[in-house]
Amino acid sequence: MASVSVYNMDGKEVEKMDVNDSVFAAPINEHLLHKAVVLQLANKRQGTQKAKTRSEVRGGGRKPWRQKGTGHARQGSIRSPQWTGGGVVFAPTPRDYSFKMNKKEKEAALKAALSAKVKDSQLYVVDEFKFDEPKTKTMNELLTKMGAGKAFIVLGGEGAAPSDAQKNAALSARNIQGVRSTYFLREENKEAGNATVTSGLNVYDILKYDALVIEKNAIKAIEEVYA
């Protein structure tokens, strides 16, 4: 099994943790990684761009001069594309840029992104984020001591909602340039026999940031969902 270092709040390595190979040592499919990143960026696009074609520009109903005998080139409308104030030839119109990946592709891309971080020694596991109050300085010092730098922080574990310490950790990371945080929460529903997952874990952010910092409990929750 793949092994990663676990750090405490002082930024010191306290133990080694084995992680599930099916999630953190999966095949790295570059095509799926590229597709997942393009999908996220495409789905963010508003697609509200619009310019008018010659048929939509006001005016231009009268022929500007007669066809022959003026010495000018023939013209049918002052709203033709070659005229100032005319329409655009291939004008952009509102459109939906989003597309879909099937569930297996999405899971394979996420596993590939996580595995790439483990392979490049860019995955840092924190035993537990203990923040009694939001403290940007403490979070910044922790990331610096671990050598994480620009990091994507994943907080979470078992439970329907983040704990106060996790909320304070997220607030502590919010004002650090080049750092982003999210939650990965898994709540077991014993009556229904399933689990509800709240996740902000995504391929784009994993690949975008230099380091991936995950809370130990969140590692276990990720393995339970994707292993």
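Residues numbered from 1 in each chain as written. Predicted model: local features only at pLDDT ≥ 70, side-chain atom pairs only at ≥ 80, totals over all residues. Heavy atoms only, no water.

Caption draft 1: Region of the structure containing unusual backbone geometry. For Ser121, which is not a glycine, the phi torsion comes out positive at approximately 55°. Structurally, the position occupied by Ser121 is in the loop between α3 (103–119) and β3 (123–126). Overall, the relative accessible area of 58% leaves Ser121 in the exposed class. (Helix = DSSP H or I, 4+ residues; strand = E, 2+ residues; numbered from the N terminus. Buried < 20%, exposed > 50% of the residue type's maximum accessible area, 1.4 Å probe, protein only.)

Caption draft 2: Here's a closer look at the layout of surface pockets. Reported here for the largest pocket is a volume of approximately 310 Å³. Lining of the largest pocket is provided by 17 residues; of these, Lys106, Glu107, Leu201, Asn202 and Val203 occupy positions nearest its centre. In terms of residues, the lining of the largest pocket owes the most to one element, helix α2 (residues 30–44), which gives 4 residues. For the lining of the largest pocket, the residue count by class is 10 nonpolar, 4 polar and 3 charged. (1 Å grid on protein atoms, 1.4 Å probe; cavity = no way out; pocket = protein on both sides within 12 Å on 5 of 7 lines; lining within 4 Å. Points joined across faces, edges and corners; volume = space filled by probe spheres on them. Nonpolar A, V, L, I, M, F, W, Y, C, P; charged D, E, K, R; others polar.)

Caption draft 3: Fine view of the pattern of salt bridges. For the coordinates displayed, the defined rule picks out 7 salt bridges. Glu105 is paired through a salt bridge with Lys35; the nearest N and O atoms lie 3.2 Å apart. With Glu105 in helix α3 and Lys35 in helix α2, this pair connects stretches of sequence that are 70 residues apart. Lys35 gets classed as partly exposed once you look at its relative accessible area, which sits at 23%. Put simply, Glu56 and Lys50 hold a salt bridge, and the shortest N to O gap is 3.0 Å. Each of Glu158, Arg186 and Glu224 takes part in one network of salt bridges that share partners. (Salt bridge = Lys/Arg side-chain N within 4 Å of Asp/Glu carboxyl O.)

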